[in-house]
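Observations on the model geometry
The lines below spell out each chain.
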Amino acid sequence: MEKLMNIHRYPYNPILTPAQVPPCLPGCEVVGAFNAAAARYGGETLLLLRVAEKPAGGPAVRCLVLDPTSGRIRTVTVPRDEEKYDFSDSRMILRRGTPNPTIAYLTSLSYLRLARSRDGIHFTVDDRPFLFPQNEYETFGMEDPRITQIGSRYYIYFSAVSPHGICEEMAVTTDFRQVRRLGIFFLPENKDVVIFPQKIGGNYYALSRPVPNAIGAPEIWISESADLRHWGGHEKLLGLRPGGWDSARIGAGAVPIPTERGWLEIYHGATAENRYCLGALLLSQDDPHRVLARSKTPVLEPTETYERKGFFGDVVFTCGALAEGDILHLYYGVSDNSMAYAGLSIRELLASLGS
Ligand code: MAN
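1. Points about the environment of tyrosine 41
Tracing the backbone shows tyrosine 41 in strand β2 (residues 28-41). In this structure the C-alpha to C-alpha distance between tyrosine 41 and serine 152, which are 111 residues apart in sequence, comes to 9.6 Å. Once you skip the residues sitting within four places of it in the chain, tyrosine 41 turns out to touch Leu46, Tyr154, Thr174, Asp175 and Phe176.

In structure tokens, the structure reads:
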């Protein structure tokens, strides 16, 4: 029997909604400000939001796509009555096909924008995007960023989405004003990368979530690198659990947090019905290939209205958590719509894992 754990959702959740984010594209509206990376910089808490925009008004049949040659965003109109398309998923337009349908377009274009806060709860959103699609790997957008601080450098990495597939790209900043892009570091299809904040036994480590096509399942892998750019030594770390909350898809969430018992990782798990929950993993301090514990039941599951209803409901999804003493400040996207906050005790969380 797992020990009970208290999770303290901020009573006025969500802490940040699309209404607080003015669109940056002409004639567009913001439909999501969610799945943000978290960092501390200059006495402030920063959230690097995934902001999703779409042409304002009307059904989602007009899609935004970057033209990488001109650098312009163009609008593609997809006829609603076209038999070859399936419009049933709010996030994407599927092209029907055998053996499997494929994504034709996304219904919104995502990019990355900073929000800054003194108290970690009340955020002001920057006027302009921090990173905006600009190359052929980002024509459908940039999603689900994470930030790893190593010394004075903040490594920012995210999923780049295009018809070439979903891959992981990296950038680096020291001041959250200037940012230098470092290119692709995980091949398609891969996403949900988190990089550990320090070397372990002489190497950097990352968790990732490749998506096998012919055979296999979307599960968590671990890789190592001497320089953060070239990754190898890949091994599978964690699999799906049939029948449960993490039975169809799992992926790393927050950047791993060092604790006295080992590395604490908050990951997401989804069912075949796309219900997303968060759970915890404990990895050995000296050898993160060793899984010491894994939550049997979710640490957080979508129960509140803002977690159950939205652009894509029944989703809690984290890309960042910040430790402060025993408190874990968990920032999480809700319903692919907004950002919410929950605080929890690291000690209680470790105890719930039996550690
Ligand atoms: C995928 C990603 C996430 C999103 C979930 C739920 O895992 O696109 O950004 O939150 O699906 O839609």
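So, next bit.
2. Quick look at the site of the ligand
The ligand sits among Asn35, Arg50, Arg91, Glu143, Asp144, Lys191, Tyr276, Phe312, Phe317 and Asp336. One of the side-chain N or O atoms of aspartate 144 is found 2.5 Å from an oxygen atom in the ligand. The side chain of aspartate 336 places a nitrogen or oxygen atom 2.6 Å from an oxygen atom of the ligand. Alone, the ligand offers 310 Å² of accessible surface; in the complex the protein occludes 92% of this.

3. Quick look at the environment of alanine 214
Structurally, alanine 214 is set in the loop between β16 (204-210) and β17 (220-225). With a relative accessible area of 85%, alanine 214 lands in the exposed category. Taking the C-alpha atoms as reference points, alanine 214 and asparagine 135, 79 residues apart in sequence, are found 28 Å from one another.

4. So, the pairing of strand β26 (residues 338-345)
Taking burial as the measure, the eight residues of β26 include eight buried ones, the bulk of the element. Alternating positions in β26 separate into two faces, Ser338, Ala340, Ala342 and Leu344 on one and Met339, Tyr341, Gly343 and Ser345 on the other, with burial throughout. The pairing of strand β25 (residues 327-334) with β26 spans eight bridges and is classified as antiparallel. Bridge assignment links tyrosine 331 to a residue of β26, and that residue is tyrosine 341. Between β25 and β26, which pair antiparallel in sequence order, lie three residues; one of them, serine 335, sits at a positive phi of approximately 50°.

5. A few points about the pattern of salt bridges
Two side chains bearing opposite charge may form a pair once their charged atoms approach each other closely. Considering all chains together, one arrives at 17 salt bridges under this definition. Between aspartate 192 and arginine 146 there is a salt bridge, and its shortest N-O distance comes to 3.2 Å. Of the two residues, aspartate 192 sits in strand β15 (residues 190-195) while arginine 146 sits in strand β11 (residues 141-150), which places them 46 residues apart along the sequence. On the basis of relative accessible area, arginine 146 is assigned to the buried category, the value being 1%. A salt bridge links arginine 308 to aspartate 314; the nearest nitrogen and oxygen atoms lie 2.8 Å apart.

6. Examining the nonpolar core
By size, the foremost hydrophobic cluster in this structure holds 32 residues, and its most contacted members are Tyr155, Tyr157, Phe185, Ile195, Leu207 and Trp231. With four residues, the single largest contributor to this core is β16. One finds Val316, Ala321, Leu330 and Ala342 within the second-largest nonpolar core, a separate group that totals 25 residues.

Calculation notes
- Residues numbered from 1 in each chain as written.
- Predicted model: local features only at pLDDT ≥ 70, side-chain atom pairs only at ≥ 80, totals over all residues.
- Heavy atoms only, no water.
- Helix = DSSP H or I, 4+ residues; strand = E, 2+ residues; numbered from the N terminus.
- Contact = heavy atoms within 4.5 Å.
- Near = heavy atom within 4 Å.
- Polar contact = N/O pair within 3.5 Å; in protein donor to acceptor, adjacent residues only side chain to side chain.
- Areas by Shrake-Rupley, 256 points an atom, 1.4 Å probe, with all protein chains shown as cover.
- Buried < 20%, exposed > 50% of the residue type's maximum accessible area, 1.4 Å probe, protein only.
- Pairing = 2+ DSSP bridges.
- Salt bridge = Lys/Arg side-chain N within 4 Å of Asp/Glu carboxyl O.
- Core = buried A, V, L, I, M, F, W, Y, C linked by side-chain atoms within 4.5 Å.

The values are spatial; any link to function lies outside them.
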